[in-house]
Amino acid sequence: MISNDLLKGTLRTIVLKLLSENDRLYGYEITKKVEEMSKGKIRLTFGALYPVLHKLEAEGYLRTEKENIGKRVRIHYSLTDNGKNWAASKMEEFREFVNTMTYILNPYPSGA
Amino acid sequence: MRSLTDNDIDFIIADLEKRGLTMPVLKDELTDHICCLIEPDLENGIDFVTSYNSLVNNLEDNIFRDIQHNIMLSANLKYQKMKKTMFVLGIIGSLLIMTGAFSKVNNIPIGGLGLSLGLLIIIFGFLPLFYFTAYKEKRDKKNILLDIAGYVTVTLFILSVLFSNQHWPGAAIARNGSLLFAIFIFAPLYMVTVFRKANETKSSVGYLMVILLIAIGGIYIVSATRMEKGTKESYAKGYREANSKFAMVRSANDSLYSRLGTKDLSPEVLAKVTDLRKVSTILSLKTDRLQDAMVKVADGDSATLENFTSLSDRKAFYKVLLSDMKNSNVSSEVVKFKFLAKTLCPNPVDQGIVEENMNANYLLAYYLNPESKNIPLIAGLLYLTNFKLHVEMAEYHVLKTILN
């Protein structure tokens, strides 16, 4: 399991990445996809996921659609045009960060 | 296989509401999320209540309220703007107060305006937003009365500073009001809140410090702006005695004047003595006028020397003397009086006595001394009565010298 401290700064990028690959997703779906893709190493909690989704929506990067399923109301999230551009730049920034971290953790790979 | 019924969903919604969830959208999505988590259990034959209880029991206490709180703080852009406005108003207000105070100390004319504007921004801009955001950000049981009491206490205190700075009536009422509010409303409300949450000692220590500081501040303000009762009484007694001494010497001088006709004096001396009497009368009237202006500054236009009450006012004396200095009303008469008195008393010993009573720098020293800014009204009145008393005493000595 990956700790929450490490996840804190990356959650926005994870959400943006998933939404850039899917037309729309709802909260539970996002947690399921993350769990599957990370092979159970990342488990998103209610407390972590929903504030991030609402903040991204308030900032204009996500839009929501309501779907009634019987008595339940499901909220689907999708990227706005602005959100798509921002997601691309955020992911690029994150890739650069991962590369830098990889280098810092292993500056002299074996065979080099 | 059993699926979720409408009753199950109603149960989840009711439970979320019971746990403090009020945001409709969040309620919808958390209900859906919980349903999605329970459905696999139902497919495996676990009943709804067992599955729901096991899910909820594994969650942290207050998790739903915390999520809602975090969303409200981070995703509510209107709230974010409000907080930014609060910081901007706080900075502008405190900068105006600091520059205003600096200008006032250095007698730069716009100081008072800057200070007042800064205090008004803090009272009506920064503080309401501060209390509102602080109230919103509290996760635990909120006590709105405590926040209102805190706001009223601080507002009254700042208003008292503003009113006293601008010499507006009501400064003492605002000051005493803030102290009474702090002692009888804010402190008891705070104590009740603290005792209800006895385990949260961290915030209690902070609030207790605030209460202590307010109390110390209150004591300081009262002691700094008010004279001790005994001191005030002794000044008042001195003032009454100086006035009756003045009346005595004045009437003694009147009888000496009536005796001048029995003496064979040259017309030149008589003219000078008449001039001396005229100047001493002018000095006495001008001093009376200064004193009257002082009590009016302290107590308002209807105040007189017989009915004024603000004995410990520390602004009136300096303010009136300063404006008199600009018009140079008293000091020129003092110089004239001294000249006439010395002409009438050629003997150096007599001149010394006149000089002793009529020290021309007596009043001027006060004009130029920054300490006179804080002289309480009753002490200032006593000083001025002593001044006119000494004029009469100098005149008495001159008349006695001539008559002997």
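A. Region of interest: the overall build of chain A. Scanning chain A from terminus to terminus reveals 5 helices and 3 strands. When the helices and strands of chain A are listed from N to C terminus, the series reads α-α-β-α-α-β-β-α. Per-residue burial over chain A gives 38% buried out of 112 residues. Counting contacts in chain A only where the partners sit at least 6 residues apart, residues at least 24 apart contribute 48% of the total. Looking at chain A as shown, the accessible area adds up to about 6,900 Å², and 51% of this sits on carbon and sulfur atoms.

B. Seen up close, the overall build of chain B. Secondary structure assignment for chain B yields 16 helices and 0 strands. Going through the 404 residues of chain B one by one, you find that 39% of them count as buried. For chain B, long-range pairs separated by at least 24 residues make up 72% of all intrachain contacts whose partners lie at least 6 apart in sequence. For chain B, the accessible area works out to roughly 22,200 Å², and carbon and sulfur atoms hold 63% of it.

C. The interface of chain A and chain B, seen in detail. Contacts between the two partners involve 18 residues from chain A and, on the opposite side, 26 residues from chain B. Counting each side, the surface lost to burial between chain A and chain B is near 2,100 Å², with a carbon and sulfur contribution of 67%. The three residues of chain A that bury the most area against chain B are Phe-46, Lys-71 and Arg-72 of chain A, which together make up 37% of that side's buried surface. Here Arg-72 of chain A ties to Glu-39 of chain B by a salt bridge, and the two come within 2.6 Å at their closest N and O atoms. The tally of links between chain A and chain B comes to 7 residue pairs in polar contact (both at pLDDT 80 or more). With 7 residues, the single largest contributor to the side of chain A that touches chain B is helix 4 (residues 46-58) of chain A. Its residues assigned to classes, the side of chain A that touches chain B comprises 9 nonpolar, 4 polar and 5 charged.

D. Looking closely at a nonpolar patch on the surface. A surface patch of nonpolar side chains, amounting to about 640 Å² of accessible area, comprises Phe-97, Val-98, Met-101, Tyr-103, Ile-104 and Leu-105 of chain A. On the secondary structure map, Met-101 of chain A appears in helix 5 (residues 81-105).

E. Region of interest: the packing of helix 11 (residues 267-299) of chain B against helix 13 (residues 330-344) of chain B. Residues and elements named next belong to chain B. Look at helix 11 against helix 13: their axes get within 9 Å of each other, and the N-to-C directions meet at 150 degrees. In terms of their interaxial angle, helix 11 and helix 13 are classed as roughly antiparallel. Handedness of the crossing formed by helix 11 with helix 13: left-handed. The residues of helix 13 that touch helix 11, namely those facing Val-269, Lys-272, Val-273, Asp-275, Leu-276, Val-279, Ser-280, Ile-282, Leu-283, Lys-286 and Leu-290, are Val-330, Glu-333, Val-334, Lys-336, Phe-337, Leu-340, Ala-341, Thr-343 and Leu-344.

F. Layout of the layout of surface pockets. Space inside the second largest pocket adds up to approximately 1,100 Å³. Lining the second largest pocket we find 31 residues, and of these Arg-43, Leu-44, Thr-45, Phe-46 and Gly-47 of chain A sit closest to its centre. If you list the elements that add at least two residues to the lining of the second largest pocket, you get helix 1 (4-8), helix 2 (11-21), helix 3 (27-37) and helix 4 of chain A together with helix 2 (24-43) and helix 4 (63-75) of chain B. No other element matches the 6 residues that helix 4 of chain A contributes to the lining of the second largest pocket.

G. The environment of Leu-55 of chain B, seen in detail. Of note, Leu-55 of chain B is situated in helix 3 (residues 48-57). When the C-alpha positions of Leu-55 of chain B and Ile-38 of chain B are compared, they lie 8.0 Å apart, and in sequence the two are 17 residues distant.

H. Local environment of the pairing of strand 2 (residues 62-69) of chain A. Strand direction decides the pairing type here: strand 2 of chain A and strand 3 (residues 72-79) of chain A, joined by 8 bridges, are antiparallel. In the sheet register, Glu-65 of chain A faces strand 3 of chain A, and the bridge partner there is His-76 of chain A.

I. How the structure looks around the sheet that holds strand 3 of chain A. Residues and elements named next belong to chain A. Read across the open sheet, the 3 strands follow the order 1-3-2; overall the sheet is antiparallel. Single-partner strands in this sheet number two, and they are strand 1 (25-26) and strand 2. With respect to the sheet, helix 4 is in contact with strand 2 and strand 3, its orientation differing from that of strand 2 by roughly 120 degrees.

J. Quick look at the packing of helix 2 of chain A against helix 4 of chain A. All names here are of chain A. Direction vectors running N to C along helix 2 and helix 4 enclose 70 degrees, while the axes themselves pass 10 Å from each other. The orientation of helix 2 with respect to helix 4, classified from their angle, is roughly perpendicular. The element helix 2 and its partner helix 4 pack so that their crossing is right-handed. Along its contact with helix 2, which presents Leu-11, Arg-12, Val-15 and Leu-16, the element helix 4 presents Ala-48, Leu-49, Val-52, Leu-53, Lys-55 and Leu-56. Grouping the amino acids of the contact of helix 2 with helix 4 by side-chain chemistry returns 8 nonpolar, no polar and 2 charged.

K. Summary view of unusual backbone geometry. All names here are of chain A. Within the chain, Lys-39 stands out as a residue other than glycine whose phi angle is a positive 55 degrees. Topologically, Lys-39 is positioned in the loop between helix 3 and helix 4. Residue Lys-39 is classed as exposed on the basis of its relative accessible area of 74%.

L. Representation of the confidence of the model for chain B. Residues and elements named next belong to chain B. Here chain B averages 81 in pLDDT, while 85% of its residues score no lower than 70. No element of chain B has a lower mean pLDDT than helix 15 (residues 361-368), at 56, and none a higher one than helix 2, at 92. For this predicted complex, the interface confidence reaches an ipTM of 0.88, while the overall pTM sits at 0.50.

Criteria and cut-off values
Residues numbered from 1 in each chain as written. Chains lettered and ligands numbered in written order. Predicted model: local features only at pLDDT ≥ 70, side-chain atom pairs only at ≥ 80, totals over all residues. Heavy atoms only, no water. Helix = DSSP H or I, 4+ residues; strand = E, 2+ residues; numbered from the N terminus. Buried < 20%, exposed > 50% of the residue type's maximum accessible area, 1.4 Å probe, protein only. Contact = heavy atoms within 4.5 Å. Areas by Shrake-Rupley, 256 points an atom, 1.4 Å probe, with all protein chains shown as cover. Buried area = accessible area lost by both parts, 1.4 Å probe. Salt bridge = Lys/Arg side-chain N within 4 Å of Asp/Glu carboxyl O. Polar contact = N/O pair within 3.5 Å; in protein donor to acceptor, adjacent residues only side chain to side chain. Nonpolar A, V, L, I, M, F, W, Y, C, P; charged D, E, K, R; others polar. Patch = residues over 30% accessible without salt bridge, like charges linked within 9 Å, V, L, I, M, F, W, Y side chains within 5 Å. Axes fitted to C-alpha atoms, helices over the stretch in contact; angles between N-to-C directions. Parallel < 35°, antiparallel > 145°, perpendicular 65-115°, else oblique. Left-handed = near helix turned anticlockwise from the far one by under 90°. 1 Å grid on protein atoms, 1.4 Å probe; cavity = no way out; pocket = protein on both sides within 12 Å on 5 of 7 lines; lining within 4 Å. Points joined across faces, edges and corners; volume = space filled by probe spheres on them. Pairing = 2+ DSSP bridges. pLDDT = per-residue confidence, 0-100.

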